[in-house]
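Structural overview for review
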Amino acid sequence: MLEHVVVAVFGIDDEDRVCYWGPGAQNLFGHETRAVLSRPAALLFPEPAPGEGPGAAAHLAERARALGYFRVRLPALHRDGTVFDCGFRVFPMTGATGVSVVLGLASRGDELDRVKTNLSFLDALFETCPIGLVMLDEELRYVHLNQALADMDGVPLEEHLGRRMADIMITSDGGEYQRMLRAVAQGGRPVIGTLVGLRTPGHPDRDQVRSVSFFPLSGAGDTRRGVGGLLLDVTDREQAILEATAARQRLALLDRATARIGTTLDLNVTARELVDAAVPDFCDACVVELVEWMDETEAFDPALPLSTRRIASGTTLPEPAVELVSGLEKVTYPPGSSIHQMVSTGRPLCVTVNEEFVTHTVVHRQRAQLLLDSGLACILMAPLIARGTVQGITMFGRSAARPAFAQEDLGLAGELASRAALCLDNARLYSRVREIALTLQRALLPSAPASGPYVDISHRYLPGSRLTEVGGDWYDAITLPGDRVALVVGDVMGHGVPAAAAMGQLRITAETLARHTTEPAALLEELDVCAQEAGIEWATCLYLVYDPHTGRARVANAGHPPPLVRHRDGTVHTVGDVLGVPLGVGGVPYRSVEIELPEGATVALYTDGLIEAPGQDIDTGMDALRAQLRAPLGSLEEAADRILANLLPDTATDDTVLVLARVSAVPGRAPTG
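Presented here is a report on the structure given in the accompanying data block. One numbering rule holds for all chains: residues counted from 1, following each sequence as written. Local features in this predicted model are restricted to residues whose pLDDT is 70 or higher, and side-chain atom pairs enter the listing and the counts only when it is 80 or higher, whereas totals over whole chains, interfaces and linings include all residues. Heavy atoms from the whole structure form the basis of all side-chain values; hydrogens and water molecules are not counted.

**Observations regarding the overall build of the protein**
The cut-off we apply is this: Where helices and strands are cited, they refer to DSSP runs of H or I of at least four residues and of E of at least two residues respectively, numbered from the N terminus. Accessible area is worked out with a 1.4 Å probe on protein chains only. A residue is then buried under 20% of its type maximum, exposed over 50%, and partly exposed in between. Only heavy atoms matter for contacts: two residues are in contact if any of them lie within 4.5 Å across the pair. Where accessible areas are quoted, they stem from the Shrake-Rupley method and a 1.4 Å probe; at the residue level, only the protein chains shown are allowed to cover.
Helix and strand counts for the protein come out as 19 helices and 26 strands. Going through the 673 residues of the protein one by one, you find that 47% of them count as buried. Considering only contacts within the protein whose residues lie at least 6 apart along the sequence, 61% involve residues at least 24 apart. In the structure as shown, the protein presents an accessible area of about 32200 Å², 55% of it carried by carbon and sulfur atoms.

Spelled out as structure tokens, the structure:
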């Protein structure tokens, strides 16, 4: 307002003389400061007519002192002699010294009238205009808007202020609308009559089309720069754009789902990804269930109940919907249910949630009431078909607050189910293969490695997480003549059944050779030949033989991480000077070294899964293992559990073997170390 109206500030003392004269007063009245200070304030007004009493200046000062604040329109006198209409506001002020003056503010009456008219017009426009009006700042945040736009958005007017327009007008155009607004805010050309398809938080299930016009705000004076706009709802006129918007949203949902579903070969994770892709963008609730066939090759009999296992669920609705989707794992559908109809046809099916549907679908009365009270109004069911067989079903539910599923939604549900079915089938087949490999590996590993009277052994084998294949890690402890004990740890390159089978071959061969070969290096050479003959191209192996009568051990290594020896005083040293090439390479001889194992020493043998991790140097893993061994061990069983818990992440990416062996002396043997 000060940008368009000159405001004069002046002061009048107790003798009605001018005691303060601001720059605005000089512009309004034409008098310079030195020419007006200490002169009677009456010079600012025309001479009063005879008999009218005190002049205007005295009247203003008297009313200000009497009322505390006084506003009036009076004729004022310019220095050039012209008289003009002027608006005055006067009020008394007392300074720090106790002296009281009357402070006056004055502006030309015609300028005040013009600004009042403009403000009145703008107020009326924002109050009564049926078109949405908005002012945005440079960051496209709401500064001012009218009620018509708030009603259009379905969001209270005051909840707009300070929020970004992108939070209210939600588009699916890849950010084009926001880029257009920013171009206008940066001083670009106005945008007139552009059509935009959108949704708002106030009407999340109603697509709208608006004709929008925007223009830059100049930021004159102290006003803020930004964007002004007019928005008109033309939804009814632009139904074609709405349909295109809905189609883009379906395609965008399908694109997001394709990227999110099947990131792993874990069955439950894949099902969870399907639920997360559908809720809340496509529906308010979703469940994924696997059909429990007695035999997948058998023909589906609609006259029999259908049993499923629910492996994933999710909903944005409150109770009892949460209990409905997540409170049951085993589900049985009676013959004649809509589920049977959907499985029989192999096509998606949409049903209304009512008494008839619930009666024919839900066996238990309590669960039936949960469904009726859940808030779900309709359910879209789609079969999960892979390799020509219905592997499972997925159900999408919407509440009455959202539009019912359209015909196009059945197609989208079918696409989602088709994508998920392939991923779920791959995950299930992988789980079967992984279980076979794991079963084979566990069958080939010793259940209780032998430990003699002079060696106490604790061993652990942990397969990788469910997201990784079974590896070829193995271990063994073999009792030999003369109270000797052989400790073996190895790792076959690769994963799955082939690695497990190769591991079994090497373990059994090593156990057989150990009973006939006294020298560790010779055993590895024989094992290397066997590996080459069996087609095992790469495997590591560490072989150690401890003799309690001498307190010494002989070690040979075929490319395996070195053993660690912990002494009773807590010191740990590495047997690292005996490294050889892995088994299966051939052509390179192995050698043995002899080490001393004092009374009570503990030997740690392990595979690389314990010390290697993505993004971590192997030396860091070795240092961490040494630190764990330096701590008081207590019982070997407790020590093994503690070491694995502290060193392995929750989702290990490789198999891990750990063998701890504590040695003791033969009675009467001279102590060593």
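Read on for the rest.
**Details of the sheet that holds strand E9 (residues 203-217)**
Put simply, the rule reads: A pair of strands is labelled paired if DSSP reports no fewer than 2 bridges between them. Note on definitions: angles span 0 to 180 degrees between N-to-C directions of axes, and those axes are lines fitted to C-alpha atoms, for helices only across the stretch in contact.
Across the sheet, which stays open at both edges, the five strands sit in the order E7-E6-E10-E9-E8 with antiparallel pairing between neighbours. The open sheet has two edge strands, strand E7 (142-145) and strand E8 (191-200), and neither has a second partner. On average, adjacent strands in this sheet sit at an angle of 30° to one another, irrespective of strand direction. With three bridges connecting them, strand E6 (residues 132-137) and E7 associate as antiparallel partners. Residue Leu136 lies in a different strand from E7, and its bridge partner there is Tyr142. Along the sheet, helix H8 (residues 176-185) contacts E8, E9 and strand E10 (226-233); its crossing angle with E9, the most-contacted strand, is approximately 20°.

**Focus: empty space enclosed by the protein**
Rule in force here: Here the term cavity refers to a set of points on a 1 Å grid, laid over the protein atoms alone, in which a 1.4 Å probe fits but cannot get out; the term pocket refers to an open set having protein on both sides within 12 Å along at least five of seven lines, with lining residues being those that place an atom within 4 Å of a point. Grid points are joined across faces, edges and corners, and a volume is the space filled by probe spheres set on the points. Throughout, the ten residues Ala, Val, Leu, Ile, Met, Phe, Trp, Tyr, Cys and Pro are labelled nonpolar, Asp, Glu, Lys and Arg are labelled charged, and all others, Gly among them, are labelled polar.
Applying the stated rule across the entire model yields two cavities of 30 Å³ or more. The computed volume of the largest cavity comes to approximately 40 Å³. Among the elements of the structure, strand E19 (485-495), strand E20 (539-547) and strand E26 (656-663) are those that each provide at least two residues to the lining of the largest cavity. Of the residues contributing to the lining of the largest cavity, the split by class is nine nonpolar, no polar and no charged.

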